[in-house]
Amino acid sequence: MSQINKEEWKQKIMEALTQVFDPEIPVDIVNLGLIYDVQISDEGDVYIKLGLTAPGCPVVDDLVYTVEQVIKETVPAKKVDVDIDLETPWTPLRMTPEGREKFKKLYGYDIVEMWVQTYGLPAQEQKS
């Protein structure tokens, strides 16, 4: 079997996952910052760690299934493992600039600014 180009796979996967939308916020899971980790093994196994915008998300199974299908259609992965991270809470600070702009267009306000005003910046992100 030829060597897997992990960077190329990762790029293709992340690009494809911009077509998967969060059920709560109509912005894709990549730009919302819900992809916490992507690992690709030498054998062609793909592992993805996903966060959720809402911990009790009722459509989590649909989301996992959709992510698996998109990955399988994008790269010839041997195995796709989608892990939901319930330990790491999602915040708008994880959004990409593009995701933030999409949110602003949809809802008319900057969720990140509002979040920072309400909760402040987390300790590790504050500038000293």
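Residues numbered from 1 in each chain as written. Predicted model: local features only at pLDDT ≥ 70, side-chain atom pairs only at ≥ 80, totals over all residues. Heavy atoms only, no water.

**Considering the sheet that holds strand β1 (residues 35-40)**
- Spatially, 3 strands are ordered β1-β2-β3 in an open sheet, and the strand pairing comes out mixed. Edge positions in the sheet fall to β1 and β3 (79-84), since each has one partner strand and no second. Taking the axes of each pair of neighbouring strands and ignoring which way they run, one obtains an average angle of 10° across the sheet.
- Where strand β2 (residues 45-50) meets β3, 6 bridges bridge the pair, whose relative direction is parallel. Looking at β3, one finds that tyrosine 47 is bridged to aspartate 81.
- Against the sheet, helix α1 (residues 6-17) contacts β1 and β2, and its axis sits at roughly 145° relative to β1. (Pairing = 2+ DSSP bridges. Helix = DSSP H or I, 4+ residues; strand = E, 2+ residues; numbered from the N terminus. Axes fitted to C-alpha atoms, helices over the stretch in contact; angles between N-to-C directions. Contact = heavy atoms within 4.5 Å.)

**Regarding α1**
- Taking 1.5 Å as the rise per residue, α1 with 12 residues should run 16 Å; its terminal C-alpha atoms sit 16 Å apart, in good agreement.
- What α1 keeps buried is the set Trp9, Ile13, Ala16 and Leu17. Take α1 and look down its axis: the buried residues cluster within an arc of 95°, on one side only. In α1, the exposed positions that point more than 90 degrees away from the buried face belong to Glu7, Gln11 and Glu15.
- In the core, the buried residues of α1 are packed alongside β1, β2 and α2 (60-74).
- The distance from a side-chain oxygen at the start of α1 to the backbone nitrogen of glutamate 7 is 3.3 Å, and the residue carrying that oxygen is asparagine 5. (Expected span 1.5 Å × (residues − 1). Buried < 20%, exposed > 50% of the residue type's maximum accessible area, 1.4 Å probe, protein only. Arc of directions from axis to C-beta. Polar contact = N/O pair within 3.5 Å; in protein donor to acceptor, adjacent residues only side chain to side chain.)

By themselves, these are just geometric observations and shouldn't be taken as functional.
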